[in-house]
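Observations on the three-dimensional arrangement
Residue strings, one per chain:
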Amino acid sequence: MKQATLNFIVFLFIIGVAKVGFCLSGGELAEKIYNRYDGDDSYFKVKMFLVNENGKARERLLEIYTKDFNGLNKTYIVFLSPLDIRGTAFLSIEHPGDKDDTQYLFLPTLGRARRIVSSQKNRHFVNTDYTYEDMQRRKPFMDEHKIIGQQEFLERPCYILESIPKTRSQYSKRISWVDKNSYLILATDFYDKKNKKVKEFRVEKIQKIDGIWTPVKTTMYDLKRKHKTIMITTTVKYNQGLKDSLFTVRQLESEYD
Amino acid sequence: MRIVVMAVFILMSFSAILNAEPDDQPYLDALKIAELKLAMLNTTGDKDNNDSKAEEIKDDIEGNRDSETNISFKQRLEFRISEDMASSDNCESQHRVDLRYRPTLKGESALSKLRFVSELDVRVAGEYGCCDSTEGEVLVGENFLFLDNDRWNLSLGFRKFTWGKLDKIAVIDRVNPYDMRDFFVWDKNERKLPSFNCALNLLLRDVEVDFIFVPFFTQDKYLFFNSDWAIFGRLKELIEKGSYSQTVKTAVEQIKVADDGDVTKRRLRNAEYNVRIRGQLKDVDFSFYYMYHYNHVPVLGGSKIVKAFLYNPTESNLNALVSQTSSEDRVLRREYNRLNIIGMDFETTFYDWGIRGEFAWFSKMPFLDNHYGLCYKDLLFIGLGADYTFPNDLYMNWQFLEQIVANYIELYGVDRYSHTVVLSLSKSFFDGDLELSIDFVKRFPYDDYLVNPELSYRLTNRTKFIFGGYWFGGSYNSIFGPYTDNDFVYGAFDVRF
């Protein structure tokens, strides 16, 4: 009898665990992705390759700085090379609620930072395969999320998350492979308004740095343009105490090419 | 001489291209190097070791900024050949060659937050077809020390600033003087001259304050005579080469423009002060400005008879010049008066549009009245701009500028209300390698205009070829009208190495 009771409890526990495991809703998963700890601040030095359909590539070197301001991110990107783009810098500031990010672009030839308007968010960011919209984090409430399956990616168990925009977006949906352990997005397929897959984002290598799982090699492939952007991170630093003043228009305009 | 100059230009340019490192290096090699760096990163952090810390990878790539000190040297070479398109009986250059070489040394120390920039601006210009000439000059480019701190930064030296929000139009963007010797045929920031100044920037919570002290007044650079782009063009050459008497030729030759020595002397009492307060309210970026300046554009003082001839070179004005003025009268003075400028700008987004504007009040702006005497009037500028990107990536930037003269009396070449429209369109092709653009400026009360279509092709990351043209139209006493005979097409290349 005791054994039967014990078996029943174990059975209930297993069911319970399994239920908990499957009970995570799409919305909850999206929250976990959004709130995943990725450092109070971070610094990445990235080598970028823009590869066209003939395999011809252009190479760029850039630095990315991010900082968490009470759960909202500010991102600062500056290009170091090649010379024709050196000094170009970008600042993105997240806002609470459904207010769009404020984005600024500094072009050395213009000599001042210019506000990027929302229509320009559909445009390619300095001819990469990332659009200005791709450069910003989408808040969980901006999409309808649904877990549509599970699959291994990069030899890691992943949830497959479907996200359909509820607010303005250039895409009709995104399907992402999310690492079950770290809640890191390892792959995303982007679909246009005609529900046709137009872009593929793939993490090809991840690395645990300072206890934070970090994608260190990624590819964004634009299926329409047959063009891809490969990003290889050569330097990563977390929690360096980056100053608030780095994430200002003032800093953007003090870049000197 | 002309052939030698051309040969030197071409040799220098090709040498720059050949010496430049190939930027389209085989992709796989570059990828391999980057992957190697990635592998180095991997060795510093074991996949399963949570406490591992990535060490900084010493990057041998140009432009490494994460080391403590960093010195870089870059060079830029621009070469442009222009060909005059408008047929004219006047004496004017038919061909022109321009070379600009700008070597820049830049250094920064992350530790002491100190940065320096040192730039030279070497220019050679050759004009052929009328009065052949080849001239070279070495200008001081930006040369300054910059001390950067979290809440403040300080710079000292020759530095350029960009104030205001409008593109291609300078309403508030007046901290630096401009080089107008070639009129508008270089971009606004290319025309800007770095003047010696000391600038302090303070970040006070959400508001930023800039003070710029310019200890010595530096005026805009203008040519009055002997150039196609001079204010009075080739008037003197026309008289000299025309069938006029020696008395007339001598009288015209004696016309000179002297500087106002008091103002242009390097004295602290000629200093200029600039203040800007910048912030954000809701979703609108805004700035307020106050500038205590000299008017950088010289205004001519002196004999009205001489000025009447220069601005309106009729037979009767020429006769009056010869008969009613002495050689002393024929020396005009450049005059610069003090101005108080109060201004504001704003920038925001509205749906799919970028919206910006500038407003500025200039006290006591100098003008010429209808009898060529000097008078001073307050002036209000209202500038509005909007930009939009169409779904096919065509970029449109539209700007409107209204100029209003207070207490208006009849002025030479200026109405009470002047409306200017500036329209810029551009579109990129082939991943941004090819860009087509057109700038169009039209001033409505005067019906003068400027059109500048341009095609640029990026051959490599360092080399760009540019083809374009400038067309002008309007009456003789407008801004663009006097240059109608100067319409030209150009071919250029721009190399960075």
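No experiment lies behind these values; they were computed from the predicted model shown.

When its secondary structure is counted, chain B shows eight helices and 21 strands. Within chain B, buried positions represent 52% of all 497 residues. Counting contacts in chain B only where the partners sit at least 6 residues apart, residues at least 24 apart contribute 58% of the total. Carbon and sulfur atoms provide 59% of the accessible area of chain B, an area that totals close to 23,300 Å².

Now for unusual backbone geometry. Looking along the chain, the bond that leaves Ser81(A) and enters Pro82(A) is cis, with omega of 5 degrees. One non-glycine residue with positive phi stands out, namely Asp210(A), at about 55 degrees. Secondary-structure assignment places Asp210(A) in the loop between strand E11 (197–209) and strand E12 (212–222). One non-glycine residue, Lys282(B), adopts positive backbone phi at about 55 degrees. With respect to the helices and strands, the residue Lys282(B) is situated in the loop between strand E9 (272–281) and strand E10 (284–294).

With that settled, consider the packing of aromatic side chains. Within the structure shown, the criterion is met by 44 aromatic pairs over all chains. Aromatic side chains Tyr273(B) and Tyr292(B) sit 6.4 Å apart centroid to centroid with 25 degrees between the ring planes, which places their arrangement in the stacked category. Remark: Tyr292(B) occurs in strand E10 and Tyr273(B) occurs in strand E9; sequence separation between them is 19 residues. The class of Tyr273(B) is partly exposed, set by a relative accessible area of 39%. Judged by its relative accessible area of 29%, Tyr292(B) is partly exposed. An aromatic cluster of at least three residues, connected via ring pairs, comprises Phe183(B), Phe184(B), Trp229(B), Tyr470(B), Phe472(B), Phe480(B), Tyr483(B), Phe488(B) and Tyr490(B). Its end group placed over the ring of Phe69(A), Lys74(A) keeps NZ or CZ at 4.5 Å from the ring centre. Stacked on the ring of Tyr191(A), the Lys or Arg Lys173(A) has its end atom at 4.7 Å from the ring centre.

The next subject is the nonpolar core. Generally speaking, soluble globular proteins have nonpolar side chains that are buried together. If you look at the biggest cluster of nonpolar residues, it comprises 42 residues, and the most contacted ones within it are Trp163(B), Val171(B), Phe362(B), Phe367(B) and Phe472(B). No other element matches strand E14 (residues 353–368) of chain B, which puts four residues into this core. In contact with Phe362(B), other than residues within four places in its own chain, are Val171(B), Arg174(B), Leu339(B), Asn340(B), Ile341(B), Lys377(B), Asp378(B), Leu379(B) and Phe381(B). Of all hydrophobic cores here, the second largest spans 40 residues; its members include Val46(A), Ile64(A), Ile85(A) and Leu186(A).

Residue and element names in this part refer to chain B. A cluster of nonpolar side chains, Leu114, Leu145, Leu147, Trp152 and Leu154, forms an exposed patch at the surface whose accessible area comes to about 380 Å². Those elements that place two or more of their residues in the nonpolar patch are strand E4 (133–148) and strand E5 (152–159). Topologically, Leu147 is positioned in strand E4.

Right, let's talk about the pairing of strand E8 (residues 156–165) of chain A for a bit. Residue and element names in this part refer to chain A. Of all the 10 residues making up E8, eight are buried; the element is thus mostly covered by neighbouring parts of the structure. The pairing of strand E7 (residues 143–153) with E8 spans 10 bridges and is classified as antiparallel. Note on E8: the bridge partner recorded for Gln150 is Tyr159. Between E7 and the antiparallel strand that follows it, E8, lie two residues; Leu154 among them carries a positive phi value of about 55 degrees.

All names here are of chain A. Taken as a whole and assessed by the stated rule, the structure comprises 57 salt bridges over all chains. For Asp143, the salt bridge goes to Arg138, with nearest N and O atoms at 3.1 Å. Each member of the pair, Asp143 together with Arg138, is buried.

Moving on: the sheet that holds strand E12 (residues 331–335) of chain B. Residue and element names in this part refer to chain B. Strand order in the open sheet made by the three strands is E8-E12-E11, with mixed pairing throughout. In the strand order of this sheet, the two ends are held by strand E8 (256–258) and strand E11 (299–301), each with one partner. Taking the axes of each pair of neighbouring strands and ignoring which way they run, one obtains an average angle of 40 degrees across the sheet. For E8 and E12, the ladder comprises three bridges, and the chain directions are parallel. Residue pairing in the sheet places Lys256 in a bridge with Val331 of E12.

Turning our attention to the packing of helix H5 (residues 246–253) of chain B against helix H8 (residues 315–324) of chain B. Residues and elements named next belong to chain B. Taken N-terminus to C-terminus, the directions of H5 and H8 make an angle of 85 degrees; their axes are 10 Å apart at the nearest point. Classed by the angle they form, the pair H5 and H8 counts as roughly perpendicular. Within the contact between the two elements, H5 uses Thr247, Val248, Ala251 and Val252 and H8 uses Leu318, Leu321 and Val322.

Residue and element names in this part refer to chain B. Among the structural elements, Leu401 can be located in strand E16 (residues 395–405). Through-space distance from the C-alpha of Leu401 to that of Trp152 is 34 Å; in sequence the pair is 249 residues apart. Ignoring sequence-local partners within four residues, the contact set of Leu401 consists of Ile169, Val171, Phe381, Ile382, Gly383, Ser418, His419 and Thr420.

As a further point, take the confidence of the model for chain A. Of the residues in chain A, 89% reach a pLDDT of 70 or more, and the chain-wide mean stands at 86. The low-confidence segment residues 10–20 of chain A, where pLDDT is below 50, has zero contacts with residues more than four positions distant or belonging to other chains.

Once that is clear, we can look at the environment of Gly129(B). Residue and element names in this part refer to chain B. Here Gly129 lies in the loop between strand E3 (114–128) and E4. Expressed as a C-alpha distance, the spacing of Gly129 and Leu204, which sit 75 residues apart in the sequence, is 58 Å. If we ignore the near neighbours within four places in the chain, the residues touching Gly129 are Glu92 and Gln94.

A separate point is the side chain of Arg115(B). Relative to the assigned elements, Arg115(B) resides in strand E3. Separated by 2.8 Å, the side chain of Arg115(B) and the backbone oxygen of Ser254(A) make a polar contact.

Residue and element names in this part refer to chain B. Here chain B averages 85 in pLDDT, while 85% of its residues score no lower than 70. For residues 42–64, every residue scores under 50 in pLDDT, and the model assigns this stretch 53 contacts once sequence neighbours within four places are set aside. The complex prediction reports pTM at 0.84, with the ipTM value standing at 0.82.

About the thresholds
Residues numbered from 1 in each chain as written. Chains lettered and ligands numbered in written order. Predicted model: local features only at pLDDT ≥ 70, side-chain atom pairs only at ≥ 80, totals over all residues. Heavy atoms only, no water. Helix = DSSP H or I, 4+ residues; strand = E, 2+ residues; numbered from the N terminus. Buried < 20%, exposed > 50% of the residue type's maximum accessible area, 1.4 Å probe, protein only. Contact = heavy atoms within 4.5 Å. Areas by Shrake-Rupley, 256 points an atom, 1.4 Å probe, with all protein chains shown as cover. Phe/Tyr/Trp six-rings, centres within 6.5 Å; stacked < 30°, edge-to-face > 60°. Lys NZ or Arg CZ within 6 Å of the ring centre and 35° of its normal. Core = buried A, V, L, I, M, F, W, Y, C linked by side-chain atoms within 4.5 Å. Patch = residues over 30% accessible without salt bridge, like charges linked within 9 Å, V, L, I, M, F, W, Y side chains within 5 Å. Salt bridge = Lys/Arg side-chain N within 4 Å of Asp/Glu carboxyl O. Pairing = 2+ DSSP bridges. Axes fitted to C-alpha atoms, helices over the stretch in contact; angles between N-to-C directions. Parallel < 35°, antiparallel > 145°, perpendicular 65-115°, else oblique. pLDDT = per-residue confidence, 0-100. Polar contact = N/O pair within 3.5 Å; in protein donor to acceptor, adjacent residues only side chain to side chain.

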